[in-house]
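# Residue-level structure breakdown
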Amino acid sequence: MTLRQPLHHPDPTICGCDSAPGLVPVDQAIARALELAPRLHGVDLLPTGAATGRVLAQDIAAPVPLPLFDNAAMDGYALCLDDLSGPGPWVLPVAGQTRAGDRPGVIRRGQAQRILTGAPVPDGADAVIAQEQVMRSGGAISIATAPRPGQHIRRCGEEIAIGARLLAAGRTIGAREAAALAAAGLRDVPVTRRLRVAILCSGSELVTPGASLAPGQIWDSNHAMLAAALDRAWIARIALPACADDVDALCAAVDKAATQADIVITTGGVSTGDEDHMARVIARLGGRIAVMKLAMKPGKPLSVGLLGRALWLGLPGNPVAAYVTWHVVGQILAGRMAGLTTTGPVKTLAALAAPVRHKPGRCEYRPAHILGHDARGVLQVACMDGAGAQQIAQLARADALVMIPSEAEQMACGDLVEVLPLHGMILSG
Ligand SMILES: Nc1nc2c(c(=O)[nH]1)N[C@H]1C(S)=C(S)[C@@H](COP(=O)(O)OP(=O)(O)OC[C@H]3O[C@@H](n4cnc5c(N)ncnc54)[C@H](O)[C@@H]3O)O[C@H]1N2
Ligand code: MOO
C-alpha cells in the first residue's frame, strides 16, 4: 500500500549538507502537529485534594471577595483617626479586643481597641497601629506618630473582587493553586479528563529489563524512559508490550492502541531500513502523516500523524533521539491536547564554556553540563564529548541540552546558546 501524501508539503528552502530537501524545521513541525492534535473534551469535577497535578478545565471566578472582610495585618490597636486631632502625642484608653475568629466588633469614639492579626476590623475603625509603634501604660496607649488612613488594614476584596478571575484555565493544580481555591472556599475543581497515552516500543531485538537476553537482543530502555516522562497526574499511561518488527503484528498493536488512547507513542521503525515499518503501518490503518523528517539532531525521523481520533507520535528508536524528540516536541503536543497553556521544555540562555563545531543543516541538541555562573553572573555550559543518539548513559549524566542552531558551523567560547535544563537547577545569577 502506498503512503498517503503528507498534509503539507515540506519546505524546499531548507538547505545545508545535512538537509536533504524535505527536512522540516522544528518549530514548523510542532505547528503542523498542533493543527492535527485533537483537544481533549471531558471534565472531571474533583475535590481539590485529589486534583493535584491535573489541568484546570475552565477559568475559576472568585465566588467571594478576598480578603473576605476588612482585617488587621498586624497585632496592635484599631482606632479612629478623627480621635487624633491636634498635635501629638495622643493618649487613648484601650477598651476591648478582637482576635482572629471573633465576630467583628464596634469601636467607640475616643477609644482604641486591641486587635490581633487576621481579626476583623471593628466597625468605625479606620486604621490599625502596630503594637511596636505605641507606648502602653496601664489601660491606655500613647501614640507619637499618627497612622495613615487604612494603615495595616487588609481591605475586603482588595486582592480579588467577587466574580474576578481567581485562576485561569490551563494551569496545573499545584500547591499555590490549591491554596487559592481553598481560600475562596472551593472544595471541588473542574479539571480536564486524563490524557490517555499509549506507549508501544517496536523492535524485534527488544527484551524487558530483568529478563535474559539471547545474542543480538537488547533491553528495552525507551519504554522505561517514556513511562517516567509520562508520569504526570494529567496523563493516564497505557503500557503495551514491545512489538516485533512485523507489519501485521504492528498493525494489530497500533490499531488497538489507537482505539484506547488519545496519543499513541511508538518508538523505532521510523527510519528507512528494511525493518522500519511504522509509516507503512499508519498508511495501512488509514492514518494521515503530517510530519516526517525534521531538521533536528538527534531525531530526524520523528513522525506525527493522525490515526482515527488518536494522535500518532512516532519517535525514533535510538534512545537519545527518542528522549530528545519527546522533550522538545512530544511534551508540547501532549500538553496542548490536555489543555495546558504553558507547555514544553524550560529554556534559558547560557554561554558556551568551550568552542563547538557543528555540521549545518539540522539544529542539534547536545547533552551538556551546567557549570554555574561566572563572575558577571552569566550561566556557563559545556557540551559533553561524543554524545551520539545511542549513548543513553551520557544523557543520564547531563544537566541540560544545548541547542546548536541549524545554520551554525562554528560557535566560540562565550557565545550564547539556548539551553534546556533537564532537572531543577538554580538558574538565577
Ligand atoms: N540509512 C539510514 N539509516 C538510518 C537513518 C537514515 O536517515 N538513513 N537515520 C538514522 C537515525 S537519525 C535514527 S534516529 C535511527 C532511527 O531509526 P528507527 O526509528 O527506525 O529505529 P530503529 O531502527 O528501530 O532503532 C534504532 C536503534 O535504536 C535501538 N532501539 C530501538 N528501540 C529501542 C528501545 N525501545 N530501547 C533501546 N534501544 C532501542 C535499536 O536497537 C537501534 O540500535 O535510524 C538511523 N538509521
Ligand atoms: O538523528 Mo537520529 O535521531 O541521530 O539518531
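Small disclaimer: the values here were computed from a predicted structure and weren't measured. (Residues numbered from 1 in each chain as written. Chains lettered and ligands numbered in written order. Predicted model: local features only at pLDDT ≥ 70, side-chain atom pairs only at ≥ 80, totals over all residues. Heavy atoms only, no water.)

### Section: the environment of Gly76
By secondary structure assignment, the location of Gly76 is in strand 4 (residues 76-79). Considered as a pair, Gly76 and Gln131 are 55 residues apart in the sequence and their alpha carbons are 4.2 Å apart. Every residue in contact with Gly76, bar those within four places of it in the chain, is listed here: Gln113, Arg114, Ile115, Ile129, Ala130 and Gln131. (Helix = DSSP H or I, 4+ residues; strand = E, 2+ residues; numbered from the N terminus. Contact = heavy atoms within 4.5 Å.)

### Some remarks on the UniProt feature "domain: MoaB/Mog" (unreviewed entry) in the protein
Annotation from UniProt places "domain: MoaB/Mog" (unreviewed entry) at residues 198-336. Structurally, residues 198-336 comprises 34% helix and 26% strand, and the distance from its first C-alpha atom to its last is 17 Å. (UniProt positions renumbered as here; feature names shortened; annotations may be inferred.)

### Topic: the pairing of strand 13 (residues 195-201)
A regular strand places its side chains so that they alternate between the two faces of the sheet. For strand 13, the tally of buried residues reaches six of seven residues, placing the bulk of the element in the interior. Summarising the sheet, strand 13 and strand 16 (residues 235-239) pair through five bridges and their orientation is parallel. The residue bridging Leu195 from the neighbouring strand is Ile235, located in strand 16. When strand 13 meets strand 17 (residues 263-267), the two strands line up parallel, connected through five bridges. By the bridge assignment, Ala198 is partnered in strand 17 with Val264. (Buried < 20%, exposed > 50% of the residue type's maximum accessible area, 1.4 Å probe, protein only. Pairing = 2+ DSSP bridges.)

### Points about the environment of Arg136
Relative to the elements of secondary structure, Arg136 occurs in strand 8 (residues 134-137). Along the sequence, Arg136 and Gln331 sit 195 residues apart, while their C-alpha atoms lie 61 Å from each other. Excluding residues within four positions of it along the chain, Arg136 makes contact with Tyr77, Val94, Arg114 and Ile141. A polar side-chain atom of Arg136 sits 3.1 Å from a polar atom in the side chain of Tyr77. At 3.1 Å, the side chain of Arg136 forms a polar contact with the backbone oxygen of Gly138. (Polar contact = N/O pair within 3.5 Å; in protein donor to acceptor, adjacent residues only side chain to side chain.)

### Let's talk about the packing of helix 3 (residues 222-229) against helix 6 (residues 319-337)
The geometry of helix 3 relative to helix 6 is characterised by a closest axis approach of 10 Å and an angle of 20 degrees between their N-to-C directions. Taken together, helix 3 and helix 6 sit at an angle that is classed as roughly parallel. Every pair of crossing elements has a handedness; the one defined by helix 3 and helix 6 is right-handed. Note on element contacts: helix 6 touches helix 3 through Pro319, Ala322, Tyr323 and Trp326, opposite Asn222, Met225, Leu226 and Ala229. (Axes fitted to C-alpha atoms, helices over the stretch in contact; angles between N-to-C directions. Parallel < 35°, antiparallel > 145°, perpendicular 65-115°, else oblique. Left-handed = near helix turned anticlockwise from the far one by under 90°.)

### Some thoughts on the site of ligand 1
As a matter of local geometry, ligand 1 sits amid 23 residues, with Glu205, Asp220, Ser271, Asp276 and Gly317 nearest to it. Note that a nitrogen atom of ligand 1 is positioned 3.0 Å from one of the backbone N or O atoms of Ser221. Between ligand 1 and the protein, one listed contact pairs an oxygen atom with a backbone N or O atom of Asn318 at 3.2 Å. For ligand 1, whose accessible area on its own is 870 Å², the fraction buried by protein is 71%. (Near = heavy atom within 4 Å. Areas by Shrake-Rupley, 256 points an atom, 1.4 Å probe, with all protein chains shown as cover.)

### Quick look at the confidence of the model for the protein
Parts of the prediction with low pLDDT should not have their coordinates interpreted in detail. On average, residues of the protein score 92 in pLDDT, and 93% of them are at 70 or above. Low pLDDT, under 50, characterises residues 1-19; the predicted model gives this stretch 39 contacts beyond four residues in sequence or across chains. In the model output, the complex is listed with pTM 0.89 alongside ipTM 0.97. (pLDDT = per-residue confidence, 0-100.)

### Some details on the sheet that holds strand 7 (residues 127-130)
Within the open sheet, the six strands sit side by side as 7-4-6-5-9-8. Their pairing is mixed. Either end of the sheet is taken by a strand with one partner, and the two such strands are strand 7 and strand 8. Neighbouring strand axes in the sheet, compared pairwise and without regard to direction, differ in orientation by 40 degrees on average. Two strands pair when backbone bridges link them, and strand 4 and strand 7 are joined in this way by four bridges, in the antiparallel orientation. Residue pairing for strand 7: Leu79 is matched across the bridge by Ala127.

### Some words on the pattern of salt bridges
Applying the stated rule across the entire model yields 15 salt bridges. Residue Asp102 pairs with Arg99 through a salt bridge whose shortest N-O separation is 3.3 Å. Given a relative accessible area of 25%, Asp102 falls into the partly exposed group. Counted as one network, the salt bridges with shared partners bring together Arg171, Arg176 and Glu177. (Salt bridge = Lys/Arg side-chain N within 4 Å of Asp/Glu carboxyl O.)

### Comments concerning the packing of aromatic side chains
For any pair of aromatic rings, the description rests on two quantities: the centre-to-centre distance and the angle between the ring planes. Under the defined criterion, the tally for this structure stands at zero aromatic pairs. Of note, Arg114 hangs over the ring of Tyr77, and the distance from its end group to the ring centre comes to 5.1 Å. (Phe/Tyr/Trp six-rings, centres within 6.5 Å; stacked < 30°, edge-to-face > 60°. Lys NZ or Arg CZ within 6 Å of the ring centre and 35° of its normal.)

### Comments concerning helix 4 (residues 247-260)
Working note: α-helix, 3.6 residues per turn, so residues spaced by three or four point in the same direction. Compared with the 20 Å implied by 1.5 Å per residue over 14 residues, the 20 Å span of helix 4 between its first and last C-alpha is a close match. Listed as buried for helix 4 are Val247, Leu250, Cys251, Val254, Ala257 and Ala258. Taken around the axis of helix 4, the buried residues stretch over an arc of 140 degrees, which confines them to a single face. Residues Asp248, Lys256 and Thr259 are exposed on helix 4 and point more than 90 degrees away from its buried face. Residues of helix 4 that are buried sit in contact with strand 13, strand 17, helix 5 (278-284), strand 20 (303-307) and strand 21 (310-315). The backbone nitrogen of Asp248 lies 3.2 Å from a side-chain oxygen of the residue at the head of helix 4, namely Asp246. (Expected span 1.5 Å × (residues − 1). Arc of directions from axis to C-beta.)

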